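# Fold and geometry: a report
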Amino acid sequence: MAAPPEAPEAEAAAMRHAIALAARGLGRTSPNPVVGCVVLDAAGHPVGEGWHQRAGGPHAEIHALTRAGERARGGTAVVTLEPCNHTGRTGPCAQALIAAGIRRVRYAVPDPDPAARGGAATLRAAGITAEPGPYAEEAAAGNAAWLTSVRLGRPHVHWKYAATLDGRIAAADGSSRWITSAEARADVHRLRAEADAVLVGSGTARADDPHLAVRGVPGARQPLRVVLDTEGTALTPGARVLDDAAPTLVAVAEDRPATAAGAARTLRLPRAAGGRGLAVPALLTALHERGIRSVLLEGGPTLAGAFAAAGALDRVTGYLAPALLGAGPAALGDAGITTIAQALRLRITAADRIGPDLRITAVPVTAPMPATAAKES
């Protein structure tokens, strides 16, 4: 990141660090967003930092102010999101900043949540300078899951797939282990650890008997494992996804009987138009009502195509192996796209080497550049 010319370098550096701090909360703060804060003393030196570590725990500003102590008086608080202005499970951060003697606040993005916004106005009313700071886009991108929830009332959907350079996710005989490297597979567990739910379809459940829990990520909170099994026939009582390593939910058509998961872990949903699969909007609504704010879609091409057709792919991560197959299933199934003009165009946001493989991350070009995000509640 290059410092915007209007941002004093100390504040720009503090905001960069606050964004990095906020990312430490990924996978641990839901249904709240991630937040980072750095406190500078009156001379512009960093004296305290913190991030929102878990839902219901102290907010980022409180951690940073506690570390700064009296050195915060007369200083500046640099925070990734506008300080909250309400009392939830914790008190309002705006009042805490006032009590600490902070004289200036820079926040990367404003708070659109009606229940929590207004912190900047409260600070100004107390004689504190409170104004937007640098790196709004970067800070908001880190809160894409919560922003999607606020804007659309559904979870943010992140589709991950692994394929060869010619786009095949398996060979013609169905074999697919392993297309990508151990390093890429380990990176997928990081994505799982950052998500509230991991989702696959019946085809993947039958073919791979996936476990879907997080491994190798210290301190990770296990996501909800979700299997879309329209007819209720893909899982047997011994399926790995039904063990006690993480919670599990099996979604079936509302006219189907109980599954091997049992009634308590079965979610009944309407079928999609035409009777093929389940209605994606109904699924996302049901998950959102359960507090799910981010979904990692790991299903096969049919499921990915259904989400693409429903306009419910918010981020795509492809792990591309330097290999060619020439035949076998493609990564994306029928998405209702019949002409090049209908192609779902993506904007690449990152391209990284993961072991011998290439990881490409992209978002739809129709997605707005993040400009707002919500504050922890």
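Residues numbered from 1 in each chain as written. Predicted model: local features only at pLDDT ≥ 70, side-chain atom pairs only at ≥ 80, totals over all residues. Heavy atoms only, no water.

The name an unreviewed UniProt entry gives the chain is Riboflavin biosynthesis protein RibD, with Streptomyces harbinensis as the organism. On record in UniProt, under Function (unreviewed entry), the comment for the chain is "Converts 2,5-diamino-6-(ribosylamino)-4(3h)-pyrimidinone 5'-phosphate into 5-amino-6-(ribosylamino)-2,4(1h,3h)-pyrimidinedione 5'-phosphate." (UniProt positions renumbered as here; feature names shortened; annotations may be inferred.)

## Describing unusual backbone geometry
A cis amide bond links Ser30 to the next residue, Pro31, at an omega of 15 degrees. Among the secondary structure elements, Pro31 is positioned in the loop between helix 1 (9-23) and strand 1 (36-40). Geometrically, the link from Arg177 to Trp178 is a cis peptide bond, its omega value of -5 degrees lying close to zero. When you line up the elements, Trp178 lands in the loop between strand 6 (156-164) and helix 7 (182-194). Positive phi outside glycine occurs at Asp209, with the angle close to 45 degrees. Tracing the chain through its elements places Asp209 in the loop between helix 8 (202-208) and strand 8 (224-228). Phi is positive for Leu212, which is not a glycine, with a value near 70 degrees. Positionally, Leu212 belongs in the loop between helix 8 and strand 8. (Helix = DSSP H or I, 4+ residues; strand = E, 2+ residues; numbered from the N terminus.)

## Focus on the pairing of strand 14 (residues 357-364)
Of all 8 residues that make up strand 14, 6 are buried, and the element is covered over most of its length. Relative to strand 14, strand 12 (residues 315-321) runs antiparallel, the two being bridged by 5 bridges. By the bridge assignment, Gly318 is partnered in strand 14 with Ile360. Looking at chain direction, strand 13 (residues 346-354) and strand 14 are connected through 8 bridges and run antiparallel. Within strand 14, the residue paired with Arg347 across the bridge is Val363. (Buried < 20%, exposed > 50% of the residue type's maximum accessible area, 1.4 Å probe, protein only. Pairing = 2+ DSSP bridges.)

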